[in-house]
Amino acid sequence: MEEIKCVLNTISSDDGMKVEEDDLIKEFSKTQAENIHEYHKTIPGYVPTPLQDLSNLADKLSISKLWVKDESKRFDLNAFKVLGSSFAFAKYLAGPEQEPLSFGELVKKIDKETLLVSATDGNHGYGVAFIAKLFNCKAKIVMPQGSVLHRAQRIRDFGAECDILDVNYDACVEVAKQEAKKSGGLFIQDTALESDTEEERKTPLAIMQGYMTILQEFVHQAPDAIPTHVFLQAGVGSFAGSLSAHLQHLFSPPPIIIGVEPSEADCMYKSVVAGDGLARTVDGEMSSIMAGLCCGVPSVQGWPILRNTVRAFLSCEDSVTARGMRILYSPLAGDGKVVSGESGAVTLGALYSICTSDKMTDLRERLELNQDSRVLLVNTEGDTDPDGFFDSIWA
């Protein structure tokens, strides 16, 4: 079995697809990102997450630069997801007119009976629960079968209701959507579905836009840095779509973008293999340790962006991310240590394999990875499953 399968994106979008792609990419402009970053700065406890410059590992991989943006430090939540839900909830409270957004002003508007409803593999729901506690309102979260009990309990520790259901993630999203309608709550989900109305798609779009703060911090932390490659975890496509779209506005030409997925939930990989520009889904139980990426239905807002901007998709076995976790946890002398969870380390695991394996010389050339390459990765989570983390580190 191949640890890593790669498909180059050769999709040729028709005119209708190009309009859809361009309209979505326009939503991730520099101005929009700067305004969102300013809002995040008003949230209590905000500090930029660390940017690790792993220069010695870069030398070992025979590339020029390797940066890792460490989102495990985001608001002490061990993951980046709160950036999206916090901005989406701010837009909901503010309505269409209020600018600039400020936590101090918005918290005055809150009705304590407001209910936030969401489905999660762990990190998004934790961010939603954090926001509900911060604004002193309520949250109800549902999780798919096989969810780690520790991830559910930490959501409950914020005062949110959290249930693990006997269905997969994509079915949980539909359950949460119906629960929000029944209870009159705000459905605050980080993916948009084909069945969603234009109004319903506003919240997942705002969540995607919130993620741009990661790149805004990067350009302030390394103002002279110009990455040639960015590896992004795909999942439903909201995170990867957000950063891919914003990269089109930040750099000219934009860097080569590579999407990375678990082999058990490689819906983007399969969509590119199909080659017609239409999204493909993956059904059934997904047992990958990369729980945060076990999503079988692409977001209808994320996929068009990725179709337009991503050079290649990688479908990876669990061994790839376990390798990445170990490398980041045991850095070369002089490099910083990064505690990276199963969904956070797969990009580094893939990059390491591609750059060091003699069997991947052709893939390295196709992705234009060489001694001049400057690579940016995002560690999207820390050890959100402590037991599973050490199973991987010590295996």
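A brief structural summary.

Thresholds applied
- Residues numbered from 1 in each chain as written.
- Predicted model: local features only at pLDDT ≥ 70, side-chain atom pairs only at ≥ 80, totals over all residues.
- Heavy atoms only, no water.
- Helix = DSSP H or I, 4+ residues; strand = E, 2+ residues; numbered from the N terminus.
- Rg over C-alpha atoms; globule rule 2.2 N^0.38 Å.
- Buried < 20%, exposed > 50% of the residue type's maximum accessible area, 1.4 Å probe, protein only.
- Contact = heavy atoms within 4.5 Å.
- Areas by Shrake-Rupley, 256 points an atom, 1.4 Å probe, with all protein chains shown as cover.
- Lys, Arg positive; Asp, Glu negative; His and termini not counted.
- Charge placed at Lys NZ, Arg CZ, Asp CG, Glu CD.
- Core = buried A, V, L, I, M, F, W, Y, C linked by side-chain atoms within 4.5 Å.
- Pairing = 2+ DSSP bridges.
- Axes fitted to C-alpha atoms, helices over the stretch in contact; angles between N-to-C directions.
- 1 Å grid on protein atoms, 1.4 Å probe; cavity = no way out; pocket = protein on both sides within 12 Å on 5 of 7 lines; lining within 4 Å.
- Points joined across faces, edges and corners; volume = space filled by probe spheres on them.
- Nonpolar A, V, L, I, M, F, W, Y, C, P; charged D, E, K, R; others polar.
- Parallel < 35°, antiparallel > 145°, perpendicular 65-115°, else oblique.
- Arc of directions from axis to C-beta.
- Polar contact = N/O pair within 3.5 Å; in protein donor to acceptor, adjacent residues only side chain to side chain.
- Salt bridge = Lys/Arg side-chain N within 4 Å of Asp/Glu carboxyl O.

Considerations on the overall build of the protein
Moving on, step 1. A count of helical and extended segments in the protein gives 17 helices and 11 strands.
Moving on, step 2. At 19 Å, the protein has a C-alpha radius of gyration in line with the 21 Å of a compact globule built from 395 residues.
Moving on, step 3. Taken across its 395 residues, the protein has 59% of its residues classed as buried.
Moving on, step 4. Within the protein, contacts between residues separated by at least 24 positions form 74% of all contacts whose residues are at least 6 apart in sequence.
Moving on, step 5. Of the roughly 15,700 Å² that the protein leaves accessible, carbon and sulfur atoms contribute 48%.
Moving on, step 6. Counting 37 positive and 57 negative side-chain charges, the protein places the averaged centre of each group 3 Å from the other.

Comments concerning the nonpolar core
Moving on, step 1. Core analysis: the biggest nonpolar cluster contains 82 residues, and Tyr39, Phe89, Leu116, Phe135 and Phe313 have the highest contact counts within it.
Moving on, step 2. When residues in this core are grouped by element, the largest group, 8 residues, is from helix H4 (residues 82-94).
Moving on, step 3. Excluding its chain neighbours within four sequence positions, the residues that come into contact with Phe89 are Ile110, Thr114, Leu116, Ile131, Phe135, Cys137, Leu186 and Ile188.
Moving on, step 4. Leu61, Ile256, Cys316 and Val338 belong to the second-largest nonpolar core, a separate cluster that totals 38 residues.

Section: the sheet that holds strand E6 (residues 161-164)
Moving on, step 1. Read from one edge of the open sheet, 4 strands run E6-E5-E4-E7, paired in parallel fashion. For this open sheet the edge positions go to E6 and strand E7 (186-187), each flanked by a neighbour on one side alone.
Moving on, step 2. As defined by bridge partners, strand E4 (residues 115-119) adjoins strand E5 (residues 138-143) across 5 bridges and the pair is classed as parallel. Looking at the pairing, Leu116 lines up with Ala139 of E5.
Moving on, step 3. Contacts from helix H7 (residues 149-156) reach E5 and E6, with the element oriented near 160° to E6.

Points about the sheet that holds strand E9 (residues 256-262)
Moving on, step 1. Reading across from one edge, E1-E10-E9-E8-E11-E3-E2 is the order of the 7 strands in this open sheet, with mixed pairing throughout. At either end of the open sheet lies a strand with only one pairing partner, and these are strand E1 (4-8) and strand E2 (51-53). On average, each strand axis in the sheet is inclined to that of its neighbour by 20°, with strand direction left out of account.
Moving on, step 2. In this structure, E1 lies alongside strand E10 (residues 312-316), joined through 5 bridges in antiparallel fashion. Looking at the pairing, Leu8 lines up with Ala312 of E10.
Moving on, step 3. Taken strand by strand, helix H10 (residues 213-221) contacts E2, strand E3 (65-70) and strand E11 (374-379), and its axis lies near 130° from that of E3.

Quick look at empty space enclosed by the protein
Moving on, step 1. Under the definition given, this model contains 1 cavity of 30 Å³ or more.
Moving on, step 2. Contributing to the lining of the largest cavity are 25 residues, with Phe80, Lys81, Asp190, Gly292 and Leu293 lying nearest its centre.
Moving on, step 3. For the lining of the largest cavity, the elements supplying multiple residues, two or more each, are helix H6 (123-134) and helix H11 (238-250).
Moving on, step 4. In terms of residue class, the lining of the largest cavity is built from 8 nonpolar, 12 polar and 5 charged.

Some points on the packing of helix H2 (residues 30-41) against H10
Moving on, step 1. Orientation of H2 relative to H10, taken along the N-to-C sense of each, is 90°, at an axis distance of 9 Å. Classified by the angle their axes make, H2 and H10 are roughly perpendicular. Mapping the contact onto sequence places Ala33, Glu34, Ile36, His37 and His40 in H2 and Thr213, Gln216, Glu217 and His220 in H10.
Moving on, step 2. Its residues placed into classes, the contact of H2 with H10 shows 2 nonpolar, 5 polar and 2 charged.

Regarding unusual backbone geometry
Backbone phi values are negative for most residues with the exception of glycine, while trans is the configuration of most peptide bonds.
Moving on, step 1. At the junction of Ser252 and Pro253, the peptide bond is cis and its omega measures out at 0° in the coordinates.
Moving on, step 2. As for its position among the elements, Pro253 is in the loop between H11 and E9.
Moving on, step 3. A positive phi angle, close to 50°, is found at Phe75, a residue other than glycine.
Moving on, step 4. Summarising the element assignment, Phe75 is placed in the loop between E3 and H4.

A closer look at helix H1 (residues 15-25)
Moving on, step 1. Where H1 is concerned, the buried positions are Met17, Glu21, Leu24 and Ile25. End-on view of H1: buried residues confined to an arc of 100°, all on one side of the axis. Exposed positions of H1 whose direction lies more than 90 degrees from the buried face are Asp15 and Gly16.
Moving on, step 2. Looking at the buried positions of H1, the neighbouring elements they touch are H11 and helix H13 (302-309).
Moving on, step 3. Structurally, the start of H1 carries an N-cap: the backbone nitrogen of Gly16 is 3.1 Å from a side-chain oxygen of Asp14.

Focus: the pairing of E11
Moving on, step 1. Burial analysis of E11 places 5 of its 6 residues in the buried class, which makes it a mostly covered element.
Moving on, step 2. Sheet topology note: the E3/E11 ladder contains 6 bridges and is parallel. From the neighbouring strand, Lys65 faces E11, where its bridge partner is Arg374.
Moving on, step 3. For strand E8 (residues 229-233) and E11, the ladder comprises 3 bridges, and the chain directions are parallel. The residue of E11 that forms the bridge with Phe231 is Leu377.

A few points about the pattern of salt bridges
Moving on, step 1. This structure, assessed with the given rule, holds 23 salt bridges.
Moving on, step 2. Here Lys202 ties to Glu199 by a salt bridge, and the two come within 3.1 Å at their closest N and O atoms. In this structure, Lys202 and Glu199 share a single accessibility class: exposed.

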